[in-house]
Amino acid sequence: CVGPIRTASLLSQREHLSLTPEMATQEVQPNETLSNLKAESDTLKTKLEDERAKLHDVELHQVAEKVDGLGQFIMKTRRTLKGHGNKVLCMDWCKDKRRIVSSSQDGKVIVWDAFTTNKEHAVTMPCTWVMACAYAPSGCAVACGGLDNKCSVYPLSLDKNENLAAKKKSVAMHTNYLSACSFTNSDMQILTSSGDGTCALWDVESGQLLQSFHGHAADVLCLDLAPSETGNTFISGGCDKKANVWDMRSGQCIQSFETHESDINSVRYYPSGDAFASGSDDATCRLYDLRADREVAIYSKESIIFGASSVDFSLSGRLLFGGYNDYTINVWDVLKGTRVSILFGHENRVSALRVSPDGTAFCSGSWDHTLRVWA
Amino acid sequence: MTISTLTRGGAQREQQHCLRKMERVIIAMQDPDIGLKMRNQRLLITVIPHAMTGNDIMEWLIQKYNITDEEAGHLGGLLVQYGYIYPLKEPRSLILRSDDSPYRFQTPYFWTSSRWPASELDYAIYLAKKNIRKQGELVDYEKQNYNLLHKRINHTWDFVVMQAREQIRASKQRRKADRIVLECQEQAYWLVNKPCPGAFDVFDLGPERCNVLNSRVILNSSLLFFLLRISSVPNNSLSSHFLLSLSCVCSFMKFCDQYHQHDPIMSGCLPSNPWISDDTTHWTINTDLVGTPTRLRVERWSFSFMELLNDCLGRREFMTYLEKEFSGENLCFWEACEDLRHGESSKIILKVEEVYKTFLSPGAARWVNIDSKTMERTLEGIKQPHRFVMDDAQMHIYFLMKKDSYPRYLKSDLYKNMLSKAIVPQETKKSVFPFMRRQRHSSPSPAMVSQATEDNGKAKGAGPAATNSGTLS
């Protein structure tokens, strides 16, 4: 945040530039070469960072020094779900707090009652690498997709004789792989993100595209819906190292954060909706404050070399769980920035991690073909 | 779309990142000042120079990164799996043993990151060497690979065999220790690059990523977005910026503190965590429309208006309160707007009409009180109904309830009674016989519950303001 006088002096360097959103898609002027513009952009950015540094922003961990530290932390695997014949890529909880849907590399999508470890439904998708799956809020359907570039919805039938695949509904169509999907507040709308660099909102019943979101410069890998009162925004993270905040109604990107050094694999809102965490291939997780419009914490350790694939908060937002590509799960104290615990158990990379809807446990899915519920 | 593990793309980029970091660790480990102390290790009757024990590796990692045994073992294990350190004893087993088993650093020539992808020709020569030296030394999958290669590059097979013989001859002229070391290095490299099927494969990376789009567009939009942001910032003085920053950060602490007791992972849950005790009482006493809610649940309604509305029971209580105050139509209107916003596209026009008839038209049965400007805008918008046409009106009513009715509800007798009636379950003492596992009972699937209510609905005839499907009981 820079005062108006400083802003004016920075802007005067580009006097003929009148700032309008339309210019975002305008072609480069003939007298400006790409490298000139890049150099100019870099200079302005550095100037801005310098100005910002003078403002002595408050760091989260400094203020949190007064907060009580967390005692000894013990979490164990309470359930192991075996049944996938190949890498587990994604999972989601049902609102009933005990059922789970998971998808894997071989195209299988399984619905489990994680409490009893029974498998309740299984579908075989016509494609491999099903990288996204989601449970409908009603608990009556699941959505999934991957290398088929589509997102399909399967209503869950309890008739053992019924072939779930027969009732499949094709909802979303992208031009590259589907990386993530999520139902909004009802079973009727789905939000998707794709390797084609866009996110999109779809009407389930008709398969109609309601809104598309352009702004990422490379594959979009993850998304999360805001728990806010007005319920109109969501965040996405991509291979362009950016995390964007979008307005669902207008399709505009309203905020953008670019501090990671590599692909962002996972984004998740802080429970109050005022911040979000991200996990990246640069082996760090970061916390971004939406009102202060900046990064407020970095969760990293020298001994953590591999990227974080999936992150989620505990119910109070005090703990951040991160599943990593080195097969471990690191548990971070969100306020103090320190690591509270490291959990071993998986035998290959952790690809998915979600805390249950009532916060009693979290589930991790891994390339070792299993899912584990920890509490 | 194919998944190729041979072409360099986004996934490979990510891995190169990790490999570089591992290499930094390896280089630090070999640093003459702060690195490991290497010495000669005895392997059967030969003395191998510049080797270390598994224990040495663990100790060094523990000290350097200030981590536990378990973590050091895990990190060291990864270094071995990725081929940066190899075992001298039992070379086929790429694991780190925390005892005095001898290990060596892999020579940079054979680093996973440098010689990639592995050359087919090199592999053929390696297998041929093994075959010539000792008949039957090739393991099953190696024999298969050998035969496959023989077919595929048959035209250069003479060259392969010639090279293999030449390398064997050259190695015979080395000292025994050197020969063993070189053989181990080469073997370790091939174990990582051509692993046994089913074993961990370093190059198993998943689908390709990073289809970078037109850089021109990126540059313009990111530069302009950046400038737009700084130009639209209001006139903040130094101190008000600091205060904003401070208040944002403090809000996190406040939130964590407020929800601390409600976070089962932080504070446990009563009577017990179902995942730990196998007892589902915690879930049964917290079902959506339970008769008597728990105290924690009722307390949570006072944290924010959203908490109250998100809980079906809370919402129902609030509705009861509003009806007493003759403002129940506000909540009904809000619910109808939510249903419009999140419902099927095909039903939009119908729903907008319903909402207008019931809540907005002059003399409507449940008329809501919104200010004239908003009403005007909304009525104008209704002429071309769309999903968000009620947004302004909905927001107005939402904030009306939040600022006015909600705080009064929290002070009302209705809420206070709820709070006093609310139950506080007893914590279950840990079972006397912990090894006796409880029966884990299954629960009805939400899909089944929904089918049942659907059938009931059909029998009775669905009403006009149908609720969203599937309230779970």
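Worth saying up front: this structure is predicted, and the values here are computed from it rather than measured.

**A closer look at the overall build of chain B**
Step number 1: In terms of helices and strands, chain B carries 21 helices and 4 strands.
Step number 2: The buried share among the 473 residues of chain B stands at 45%.
Step number 3: Long-range pairs, those at least 24 residues apart, make up 63% of the contacts in chain B with a sequence separation of at least 6.
Step number 4: As displayed, chain B offers around 25700 Å² of accessible surface, 55% of which is attributable to carbon and sulfur atoms.

**Notes on the overall build of chain A**
Step number 1: When helices and strands are counted, chain A shows 3 helices and 28 strands.
Step number 2: Across the 375 residues of chain A, 66% fall into the buried class.
Step number 3: In chain A, of all internal contacts separated by at least 6 residues, the share reaching a separation of at least 24 is 45%.
Step number 4: In the structure as shown, chain A presents an accessible area of about 13100 Å², 48% of it carried by carbon and sulfur atoms.

**Thoughts on the confidence of the model for chain B**
All names here are of chain B.
Step number 1: Of the residues in chain B, 83% have a pLDDT of 70 or more, and the chain-wide mean is 83.
Step number 2: In this model residues 214-223 is a low-confidence stretch, pLDDT under 50, and it forms 21 contacts with partners more than four residues away in sequence or in other chains.
Step number 3: In this model, residues 457-473 is a region of pLDDT below 50 whose contacts with residues beyond four sequence positions or in other chains number 15 contacts.
Step number 4: Two numbers describe this predicted complex: its pTM, 0.87, and its ipTM, 0.86.

**A word on the UniProt feature "domain: RGS" (unreviewed entry) in chain B**
Step number 1: Within this numbering scheme, the UniProt entry marks residues 304-419 of chain B as carrying the feature "domain: RGS" (unreviewed entry).
Step number 2: As a span, residues 304-419 of chain B carries 74% helix and 0% strand, and end to end its C-alpha atoms are 16 Å apart.

**Focus on the environment of B:Met253**
Step number 1: If you trace the backbone, B:Met253 turns up in helix α9 (residues 238-259).
Step number 2: Each C-alpha atom, one on B:Met253 and one on B:Ala124, is 62 Å from the other, the two residues being 129 residues apart in sequence.
Step number 3: Excluding its chain neighbours within four sequence positions, the residues that come into contact with B:Met253 are A:Val63, A:Ala64, A:Val67 and A:Leu335.

**Details of the sheet that holds strand β23 (residues 319-324) of chain A**
Residue and element names in this part refer to chain A.
Step number 1: The strand order β22-β23-β24-β25 describes an open sheet built from 4 strands, whose pairing is antiparallel. Looking at strand neighbours, the two that pair on one side only are β22 (308-313) and β25 (339-343), the edges of this open sheet. Direction aside, neighbouring strands of the sheet carry axes that sit 20° apart on average.
Step number 2: With 5 bridges joining them, β22 and β23 adopt antiparallel strand pairing. Its bridge partner lying in β23, Phe-313 is registered against Leu-320.

**Regarding the pairing of strand β28 (residues 370-374) of chain A**
All names here are of chain A.
Step number 1: With 5 of 5 residues buried, β28 is to be regarded as a mostly interior element.
Step number 2: Burial along β28 is two-sided: Thr-370, Arg-372 and Trp-374 facing one way and Leu-371 and Val-373 facing the other are all buried.
Step number 3: Alignment of strand β1 (residues 77-82) against β28, held across 5 bridges, turns out to be antiparallel. From the neighbouring strand, Arg-79 faces β28, where its bridge partner is Val-373.
Step number 4: Here strand β27 (residues 362-366) runs beside β28; their pairing, made up of 4 bridges, is antiparallel.

**Some points on the UniProt feature "domain: DEP" (unreviewed entry) in chain B**
Step number 1: As annotated in UniProt, the feature "domain: DEP" (unreviewed entry) corresponds to residues 32-107 of chain B in the numbering used here.
Step number 2: Note that residues 32-107 of chain B is 33% helix and 26% strand, and that its end C-alpha atoms are spaced 16 Å apart.

**What about the packing of aromatic side chains?**
Note on aromatic pairs: each is described by the distance of the centres and the angle between the planes.
Step number 1: Scanning all chains against the criterion turns up 39 aromatic pairs over all chains.
Step number 2: Between A:Phe234 and A:Trp246 the ring centres are 6.3 Å apart and the planes differ by 20°, which places this aromatic pair in the stacked class. Residue A:Phe234 is found in strand β15 (residues 233-238), and its partner A:Trp246 is found in strand β16 (residues 243-247); the two are separated by 12 residues along the sequence.
Step number 3: Summarising the aromatic geometry, the rings of B:Tyr123 and B:Tyr126 are spaced 6.4 Å apart at their centres and angled 20° between planes, so their arrangement reads as stacked. Of this pair, B:Tyr123 and B:Tyr126 are both found in helix α4 (residues 120-133), 3 residues apart, which corresponds to roughly one turn of the helix.
Step number 4: Here the aromatic residues B:Phe305, B:Phe318, B:Tyr321, B:Trp334, B:Tyr398, B:Phe399, B:Tyr406, B:Tyr409 and B:Tyr415 are joined through ring pairs into a cluster of three or more.
Step number 5: Here A:Lys87 stacks its cationic end above the ring of A:Trp367, 5.0 Å away from the centre of that ring.

**Quick word on the pattern of salt bridges**
Step number 1: Under the criterion given, the structure shown has 42 salt bridges over all chains.
Step number 2: With a closest N to O distance of 2.6 Å, A:Asp96 and A:Arg99 form a salt bridge.
Step number 3: A:Asp96 sits in the buried class, given a relative accessible area of 15%.
Step number 4: B:Glu142 is the salt-bridge partner of B:Arg92, the closest N and O atoms lying 3.4 Å from each other.

**A look at the sheet that holds strand β7 (residues 141-145) of chain A**
Sheet strands associate in pairs through backbone hydrogen bonding, adopting either a parallel or an antiparallel arrangement.
All names here are of chain A.
Step number 1: With antiparallel pairing, the 4 strands of this open sheet are ordered in space as β6-β7-β8-β9. Of all the strands in the sheet, the pair left with one neighbour each is β6 (132-135) and β9 (169-173). The average angle at which neighbouring strand axes cross in this sheet is 20°, direction not considered.
Step number 2: Where strand β8 (residues 150-155) and β9 come together, 4 bridges link them in antiparallel fashion. Of the residues in β9, the one forming a bridge with Lys-150 is Met-173.

**Digging into helix α15 (residues 312-324) of chain B**
Residues and elements named next belong to chain B.
Step number 1: With 13 residues, α15 extends 19 Å from end C-alpha to end C-alpha; this agrees with the ideal 18 Å at 1.5 Å per step.
Step number 2: Those residues of α15 that sit buried are Leu-313, Gly-314, Glu-317, Phe-318, Met-319, Tyr-321 and Leu-322.
Step number 3: Along its buried surface, α15 packs onto α13 (295-300), α14 (305-310), α16 (328-342), α19 (391-411) and α20 (413-421).
Step number 4: One or two residues past the end of α15 sits Phe-326, with phi positive at roughly 60°.

**Digging into the packing of α16(B) against α19(B)**
Residue and element names in this part refer to chain B.
Step number 1: For the pair α16 and α19, the least separation of the axes is 10 Å and the interaxial angle reads 140°. With respect to α19, the element α16 is oriented oblique. The interaxial crossing formed by α16 with α19 has left-handed handedness. Here Asn-330, Leu-331, Phe-333, Trp-334, Cys-337, Glu-338 and Arg-341 of α16 come into contact with α19, specifically with Asp-391, Ala-393, Gln-394, Ile-397, Tyr-398, Leu-400 and Met-401.
Step number 2: Here the residues of the contact of α16 with α19 sort into 9 nonpolar, 2 polar and 3 charged.

**Digging into the state of the cysteines**
Step number 1: Using the criterion set out here, one finds 0 disulfides over all chains in the structure.
Step number 2: No disulfide involves B:Cys269; its sulfur sits 17 Å from the nearest other cysteine sulfur, which is in A:Cys363.
Step number 3: The thiol sulfur of B:Cys332 is not disulfide-bonded, and the nearest other cysteine sulfur, from B:Cys337, lies at 11 Å.
Step number 4: The class for B:Cys332 is buried, based on a relative accessible area of 16%.

**Description of the side chain of A:Ser236**
Residue and element names in this part refer to chain A.
Step number 1: Relative to the assigned elements, Ser-236 resides in strand β15.
Step number 2: Here Ser-236 falls in the buried class, since its relative accessible area comes to 0%.
Step number 3: Here the side chain of Ser-236 touches Trp-246 through a polar contact of 2.8 Å, side chain to side chain.
Step number 4: Not counting residues up to four positions away in its chain, the partners in contact with Ser-236 are Cys-199, His-216, Val-220, Cys-222, Leu-223, Lys-242, Ala-243, Asn-244, Trp-246 and Val-267.

Each value, and the rule that gives it
- Each chain has its residues counted from 1, running along the sequence as written.
- Labels follow written order: the first chain is A, the first ligand is 1, and so on.
- Local features in a predicted model are, by the rule used here, given only for residues with pLDDT of at least 70; side-chain atom pairs are given and counted only at 80 or more, and totals for whole chains, interfaces and linings are based on all residues.
- Side-chain numbers here rest on the full set of heavy atoms in the structure, without hydrogens or water.
- Helix and strand definitions here come from DSSP, where helices need a minimum of 4 consecutive H or I residues and strands a minimum of 2 consecutive E residues; each element is numbered from the N-terminal end.
- Whether a residue is buried, partly exposed or exposed follows from its accessible area with a 1.4 Å probe, protein chains only, as a fraction of its type maximum: under 20%, in between, or over 50%, in that order.
- Should any heavy atoms of two residues lie within 4.5 Å, those residues are counted as being in contact.
- Here the accessible surface of atoms and residues is derived via Shrake-Rupley with a 1.4 Å probe, and residues count as covered only by protein chains that are part of the display.
- Values of pLDDT, ranging from 0 to 100, describe the predictor's confidence in every residue of the model.
- UniProt positions are given in the numbering used here, feature names are shortened, and annotations may be inferred rather than shown by experiment.
- Only strands joined by at least two bridges in the DSSP assignment are considered to pair.
- Lines fitted to C-alpha atoms define the axes, with helix axes restricted to the stretch in contact, and inter-axis angles between N-to-C directions lie between 0 and 180 degrees.
- Pairing of aromatic side chains requires ring centres within 6.5 Å, counting the rings of Phe and Tyr and the six-membered ring of Trp. Pairs whose planes differ by under 30 degrees are stacked, by over 60 edge-to-face, and all others tilted.
- Here, a charge over a ring is recorded when the distance from Lys NZ or Arg CZ to the ring centre is within 6 Å and its angle to the ring normal is within 35 degrees.
- Salt bridges are defined by distance alone: a side-chain nitrogen of Lys or Arg within 4 Å of a carboxyl oxygen of Asp or Glu.
- For a helix, the expected span equals 1.5 Å multiplied by the number of residues minus one.
- Angle categories are assigned with fixed cut-offs, so that under 35 degrees is roughly parallel, over 145 is roughly antiparallel, 65 to 115 is roughly perpendicular, and the rest are oblique.
- Whether a crossing is left-handed or right-handed is set by the direction in which the near helix is turned from the far one by less than a right angle, anticlockwise for left-handed and clockwise for right-handed.
- Any residue outside Ala, Val, Leu, Ile, Met, Phe, Trp, Tyr, Cys, Pro, Asp, Glu, Lys and Arg is labelled polar, Gly included; the first ten of those are nonpolar and the last four are charged.
- The disulfide definition used here is simple: a pair of cysteine sulfur atoms within 2.5 Å.
- Residues adjacent in sequence count toward polar contacts only when both atoms are side-chain atoms; beyond that, a polar contact is any pair of N or O atoms within 3.5 Å, and within protein one must be able to donate a hydrogen and the other to accept it.

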